[in-house]
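What the coordinates show
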Amino acid sequence: MKAARLLILLFASVPIACGSMQEEAAKDRLQSQARSVDAAAGSQTMTRGEAAKAFLEAERVLSEVLRVPRPDSHPLQRGEAGQPLRRTETVLALKRLFDLASPRFCFTPRFIAYDPDRLTLPAGDPSRPVLEELIRWQCVAKLGPVAAGERTTLTVDEFGDALGFCMARLADLTHMPSTRWSPYLMDDEDVAESIVSKSKKGSKEE
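What you see is a predicted model, and the numbers here were worked out from it, not measured in a lab. (Residues numbered from 1 in each chain as written. Predicted model: local features only at pLDDT ≥ 70, side-chain atom pairs only at ≥ 80, totals over all residues. Heavy atoms only, no water.)

Notes on the pattern of salt bridges
According to the stated counting rule, one finds nine salt bridges in the structure shown. One salt bridge connects Arg48 with Glu89, and the closest N-O pair in it is separated by 2.9 Å. Of this pair, Arg48 sits in helix H3 (residues 48-66) while Glu89 sits in helix H4 (residues 87-101), and the two are 41 residues apart along the sequence. Judged on exposure class, the residue Arg48 and its partner Glu89 are both buried. A salt bridge links Arg96 to Glu59, with the nearest nitrogen and oxygen atoms 2.5 Å apart. Placement of the pair is Arg96 in helix H4 and Glu59 in helix H3, with a sequence separation of 37 residues. Beyond isolated ion pairs, a larger network of salt bridges with shared partners links Glu57, Arg60 and Glu64. (Salt bridge = Lys/Arg side-chain N within 4 Å of Asp/Glu carboxyl O. Helix = DSSP H or I, 4+ residues; strand = E, 2+ residues; numbered from the N terminus. Buried < 20%, exposed > 50% of the residue type's maximum accessible area, 1.4 Å probe, protein only.)

With respect to the nonpolar core
Core analysis: the biggest nonpolar cluster contains 42 residues, and Phe55, Leu97, Leu131, Leu163 and Leu170 have the highest contact counts within it. Contributions of two or more residues to this core are made by H3, H4, helix H5 (127-136), helix H6 (145-148) and helix H7 (156-173). The dominant element in this core, judged by the number of residues it contributes, is H3, at nine residues. (Core = buried A, V, L, I, M, F, W, Y, C linked by side-chain atoms within 4.5 Å.)

Now the structure itself:
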């Protein structure tokens, strides 16, 4: 299915995009060896250059799975690659992924509620309405670091979580599940509530 393939390609690709790009031969050697994980690396500040590689890889995955045109470059490639990635830049880059996938959306979900006062991007910032749209579509966690963080930047771990969260949601939106077993897609709310109730009670009835 498209959703499953999208997630498989994403999880296989993003670690490569976030790290340094290596030659194929060297990569093969590394994959055959046991490697230690630098726990401290996740707490480092994400840079614009690293983010550009990750977003370009995510766009490649989306374009291949959803069969949509892929942009040739990314705005984060402009400027100094070693500069910290700002949360506002992350929001705009996630919206770019959203726009890339939106022609293949299979349904419009029920938008979630959120408390605008919990969001820490300034109300007058151009990225603020973009952030709120992504939150409503559940492409950004409403209380996560991107939306409600105290800093203007993100760590590597925070960035990876935000990108994975968004891509998982895009995989969901571009796949139409069975309406028979998906209460949130049913027109009859009483039927949906009945199915959920039976599921909680362990009923085997349809």
